[in-house]
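One-letter residues, chain by chain:
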Amino acid sequence: MDDLTFGKRNKRGDWAPDGRIETAPVFTLPPKPLAFLKWLPHYFLPWNVLFAASAVAYWHFIVPEAEVLKTFHFTWILRLFLVKCVAVFLFYGAFELRLYILRAQENRFKYNGKFPGDNKNPAFLFNSQNADGIIRTFGMALPIWTALEVGILYAYADGLVPWVSFAANPWYLFGIALVMPIFHEAHFFAIHRLIHWAPLYRWIHSVHHNSVNPSPWSSLSMHPVEQLLYFSSALIHLIIPSNPILAIYQLHYSGFGAVVGHLGFDKIELGVEAAIDSHAYTHYLHHKFFEVNYGDGLVPFDKWFGTWHDGTKESDARMQARYEKRKARANAATAAK
């Protein structure tokens, strides 16, 4: 595909899509029903349906019976962990192999024209962004993911929280499933703003922001505190009446969905004229500029709080104006001491 028919490339080789990024037409006033209907299939396809299907398959083929879940035992806990390791390795690894190792698309649709594996970087373990990401993913993120999942499954099996069945309440559970991505966005925005507070940023979030040029293994490359906060969105299913499959879906949405925003490519080519949109540009701009796009645009939190960057020069100017105001306040505070 010719990526220049969809965007432009600067002298450094960085590619950007034409036009401006728009938030989802869900919370717009006045309502835009035609735009909403046109957007609606993208809410489900391809990612949300994929993660929901993976949760159903995981529940039926991997998770043991409820009687087994009532007792913590090394064998079934280890099984859940190892299955996740294999699934993440295959899912993340497929993107890494195609886009960054084989470079099947070269740098077509790649936001940052450079490939992080081409240069060593002392900010990462072993001077390697990939090595750092892989170690943090399998050494910390997946154990935390597994621990939360085990605790949630135990709570359901032991009757500590209400277990709502699909047979008895299909529409209620379907409604929860439908709004789970919206809840994920709200939860992600809240914790993301929290860990951008200067002390927490230095201690916690700076680890993730070492990946200025993100790639698949950057997705869960975080400080363990951030990983715990990130996956904690699934704890909502211990608060509201729900179902363990939906809790697993929430975890899969977080765990597998993280890679989508860190692909570094706008489109994944499937052939000469076919491609899947990643919609990763919103989060890429956050990695590039640090203090914009704390959410992904499903809910327009950034527009409401004045931190939205739509990829245009106008947004660059607004961002720079915010920097200048903050710098002026900091200088004034220093001069007053």
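Before reading on, note that the structure itself is shown above.
I will try to describe carefully the structure that is included in this document.

The rules behind these values
Residues numbered from 1 in each chain as written. Predicted model: local features only at pLDDT ≥ 70, side-chain atom pairs only at ≥ 80, totals over all residues. Heavy atoms only, no water. Phe/Tyr/Trp six-rings, centres within 6.5 Å; stacked < 30°, edge-to-face > 60°. Helix = DSSP H or I, 4+ residues; strand = E, 2+ residues; numbered from the N terminus. Buried < 20%, exposed > 50% of the residue type's maximum accessible area, 1.4 Å probe, protein only. Lys NZ or Arg CZ within 6 Å of the ring centre and 35° of its normal. Patch = residues over 30% accessible without salt bridge, like charges linked within 9 Å, V, L, I, M, F, W, Y side chains within 5 Å. Areas by Shrake-Rupley, 256 points an atom, 1.4 Å probe, with all protein chains shown as cover. Salt bridge = Lys/Arg side-chain N within 4 Å of Asp/Glu carboxyl O. Axes fitted to C-alpha atoms, helices over the stretch in contact; angles between N-to-C directions. Parallel < 35°, antiparallel > 145°, perpendicular 65-115°, else oblique. Contact = heavy atoms within 4.5 Å. Nonpolar A, V, L, I, M, F, W, Y, C, P; charged D, E, K, R; others polar. Core = buried A, V, L, I, M, F, W, Y, C linked by side-chain atoms within 4.5 Å.

A closer look at the packing of aromatic side chains
Phase 1: Tallied over the full model, the rule gives 34 aromatic pairs.
Phase 2: With a centroid separation of 5.7 Å and an interplanar angle of 40°, the aromatic rings of Phe 36 and Trp 39 are classed as tilted. Taken together, the positions of Phe 36 and Trp 39, both in helix α1 (residues 33-44) and three residues apart, correspond to about one turn of that helix.
Phase 3: The exposure class of Trp 39 is buried, given its relative accessible area of 18%.
Phase 4: Seen in terms of ring centroids, Tyr 111 and Tyr 281 are 4.9 Å apart; in terms of plane orientation they differ by 45°. Their pairing is tilted. On the criterion of sequence distance, the pair formed by Tyr 111 in the loop between α4 (74-101) and α5 (129-157) and Tyr 281 in helix α10 (residues 281-289) is long-range, its members being 170 residues apart.
Phase 5: Seen from the ring of Phe 115, Arg 103 lies directly overhead, with NZ or CZ sitting 3.9 Å from the centre.

Structural notes on a nonpolar patch on the surface
Phase 1: A cluster of nonpolar residues, Phe 44, Leu 45, Val 49, Trp 171, Phe 174, Leu 178 and Val 179, forms a patch on the protein surface that exposes about 700 Å² of accessible area.
Phase 2: Residue contributions to the nonpolar patch peak at four residues, all from helix α6 (residues 170-194).
Phase 3: The topology assignment puts Phe 44 in helix α1.

Some points on the packing of α5 against helix α9 (residues 244-255)
Geometrically, a packed helix pair is captured by the angle between its two axes and the distance between the axes.
Phase 1: Interaxial distance between α5 and α9 falls to 10 Å at its minimum, and their mutual angle equals 170°. Between α5 and α9, the interaxial angle falls into the category roughly antiparallel. Between α5 and α9, the contacting residues are Trp 145, Glu 149, Ile 152, Leu 153 and Tyr 156 on the first element and Pro 244, Ala 247, Ile 248, Leu 251, His 252 and Gly 255 on the second.
Phase 2: A class-by-class count of the residues in the contact of α5 with α9 yields eight nonpolar, two polar and one charged.

So, the nonpolar core
Phase 1: In this structure, Phe 51, Val 63, Leu 80, Phe 91, Tyr 92, Leu 220 and Tyr 230 are the most contacted members of the largest nonpolar core, which totals 56 residues.
Phase 2: Listing elements by their share of this core, those giving two or more residues are α2 (47-61), α4, α5, α6, α8 (224-231) and α9.
Phase 3: If you tally residues by element for this core, the top one is α5, at 11 residues.

With respect to the pattern of salt bridges
Phase 1: One pass over the full model with this rule turns up 11 salt bridges.
Phase 2: Ionic pairing is found between Asp 3 and Arg 9, a salt bridge with its closest N-O pair at 2.4 Å.
Phase 3: Looking at Asp 3, the relative accessible area reads 4%, which means it is buried.
Phase 4: Classification of Arg 9 as partly exposed rests on a relative accessible area of 29%.

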